[in-house]
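Listed here are the chains, written in short residue letters.
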Amino acid sequence: MRLRRLPLKGALPAAQQSRIRGGRLVLNRKEFAMYTQAMDQQPKEERERKPVRSVEEVELERRFDAKIDAGDFIEAKDWMPEHYRKTLLRQISQHAHSEIVGMLPEGNWITRAPTLKRKAILLAKVQDEGGHGLYLYAAAETLGTSRDQMIDALHAGKAKYSSIFNYPTLSWADIGTIGWLVDGAAIMNQVPICRCSYAPYARAMIRICREESFHQRQGFDSLLVMMRDGTPEQRAMVQDAVNRWWWPCLMMFGPPDDQSPNSAQGMRWGIKRVSNDTLRQKFVDATAEQAKVLGVTLPDPLLKWNPEREHHDFGPIDWAEFWRVVGGDGPCNRERLAARVKAWDDGAWVRDAALAHARKQVTKQEAA
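Just so you know, the residues in each chain are numbered from 1, in the order the chain's sequence is written. Given that the model is predicted, a residue must reach a pLDDT of at least 70 before its local features are reported, and side-chain atom pairs must reach 80 or more before they are shown or counted; all residues, however, enter totals for whole chains, interfaces and linings. Calculation of side-chain values draws on the structure's entire complement of heavy atoms; hydrogens and water are dropped beforehand.

1. Quick look at the overall build of the chain
Working step 1: Looking only at helices and strands, the chain features 16 helices and two strands.
Working step 2: Approximately 17500 Å² of the chain is accessible, and the part contributed by carbon and sulfur atoms is 55%. The helix and strand labels rest on DSSP assignments: H or I over at least four residues marks a helix, E over at least two residues marks a strand, and numbering proceeds from the N terminus. We get accessible surface area from the Shrake-Rupley algorithm with a probe of 1.4 Å; when it comes to residues, only the shown protein chains can shield them.

Here's what the structure looks like:
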């Protein structure tokens, strides 16, 4: 089924469309897998479906379920269960927050890139992540909330973002490793979302996945250059980065299926298409072969090919670390949130100026 390329903001009220334009001006200064942490953290009262209260609602839900069963898209103006709406809002807003916060670990190295070529590539990549955040905030706004509300929730610590961005980038090799492993995991996670049942989200993901594929390739290329042409110290730096990022990347796919009780409902609604464990296994299988090309060793002594399963076996993941980081006690949680709050406060005058300009343009058009 072909996905229609419709403007995300077309489903928004006119008042919110001007806010989107202002947002674009401002931001030009980034489970569903990687972002399914939102589903696994839902409050209990929101996980429980409210009883249907009328015959009309029964019929509306029947039609909704029929569209889901047929594999059709749900558009912003279609009726949807409130729990479906809240689940999507949490998922998409967390995804948007992750893109924006994800600019920070790499942005830290823009001024320290080793060559002009690498600096230009990294600048373009960080800008891409900012654009991804814009697409996703716009998609989330179609569900009836404002961008300001979502950002306020992030700054207040009420909304989450992907735990992977709470780890530090200690060397230039970390930038290539993020491209290879983190963006590689993101692609594995996000391609199925292009078939998400909620059409605005699915449409946004098409371009995002194309750009993430480039990010993954440039990260792999950066590491390959260092491993083939670099000094022994540079090759050791790459191996050290891989050692530090490997296990957090496996955590990006979310908890094991048997510890993710809300995944079943996400699969039923077509929000989630592939289970956490299946995606994690696909990532391990693909990355193990890529590591051989690079000449690095993945830091797992239990990693080996299993001919009976036709997949790689791998060691146990430290889920205590995962939940600790998700809970706010990671290496960089406080630093990341403080940086976002400061950037938001420092950019207030730009937002005010953009909105004032937009109002002037509307006044001129009305007077014409």
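2. Structural notes on unusual backbone geometry
Working step 1: Residues other than glycine seldom take positive phi values, yet E310 does so here, at roughly 60 degrees.
Working step 2: Relative to the elements of secondary structure, E310 occurs in the loop between β1 (304–306) and β2 (311–313).
Working step 3: Take E310: its relative accessible area is 54%, and that puts it in the exposed class. The cut-offs for exposure are 20% and 50% of the maximum accessible area for each residue type, with area from a 1.4 Å probe on protein chains only; residues under the lower value are buried, those over the upper are exposed, and the others partly exposed.

3. Considerations on the environment of I178
Working step 1: Residue placement: I178 occurs in helix α9 (residues 172–190).
Working step 2: When checking whether two residues touch, look at their non-hydrogen atoms; a contact exists if any pair is within 4.5 Å. Residues contacting I178, with those up to four places away along its chain left out, are P105, E106, K125, T169, D183 and W245.

4. Looking at the confidence of the model for the chain
Any residue range with low pLDDT should be treated as having predicted coordinates unsuitable for detailed reading.
Working step 1: Looking at the chain as a whole, its pLDDT mean stands at 87, while 86% of the residues score no less than 70.
Working step 2: As a per-residue measure, pLDDT tells how confident the predictor is, with possible values from 0 to 100. Summarising per-element confidence for the chain, the mean pLDDT is lowest in helix α1 (residues 14–27) (36) and highest in helix α11 (residues 232–251) (98).
Working step 3: Low pLDDT (under 50) marks residues 1–34, which in the prediction has 93 contacts with non-local residues, meaning those over four places away or in another chain.

5. What to know about the packing of aromatic side chains
Working step 1: For Phe, Tyr and Trp, rings pair up if their centres lie within 6.5 Å, where Trp contributes its six-membered ring, and each pair is then called stacked (planes under 30 degrees apart), edge-to-face (over 60) or tilted (otherwise). Applying the stated rule across the entire model yields 10 aromatic pairs.
Working step 2: Relative to W323, the ring of F322 lies with its centre 4.8 Å away and its plane at 75 degrees, an arrangement referred to as edge-to-face.
Working step 3: With relative accessibility at 1%, the residue F322 sits in the buried group.
Working step 4: Each member of the aromatic cluster is reached from another via a ring pair, and the members are F64, W79, Y84 and W269.
Working step 5: Note on criteria: charge over ring means Lys NZ or Arg CZ within 6 Å of the ring centre, with the direction from the centre no more than 35 degrees off the ring normal. Over the ring of W109 we find R112; its NZ or CZ atom is 3.8 Å from the centre of that ring.

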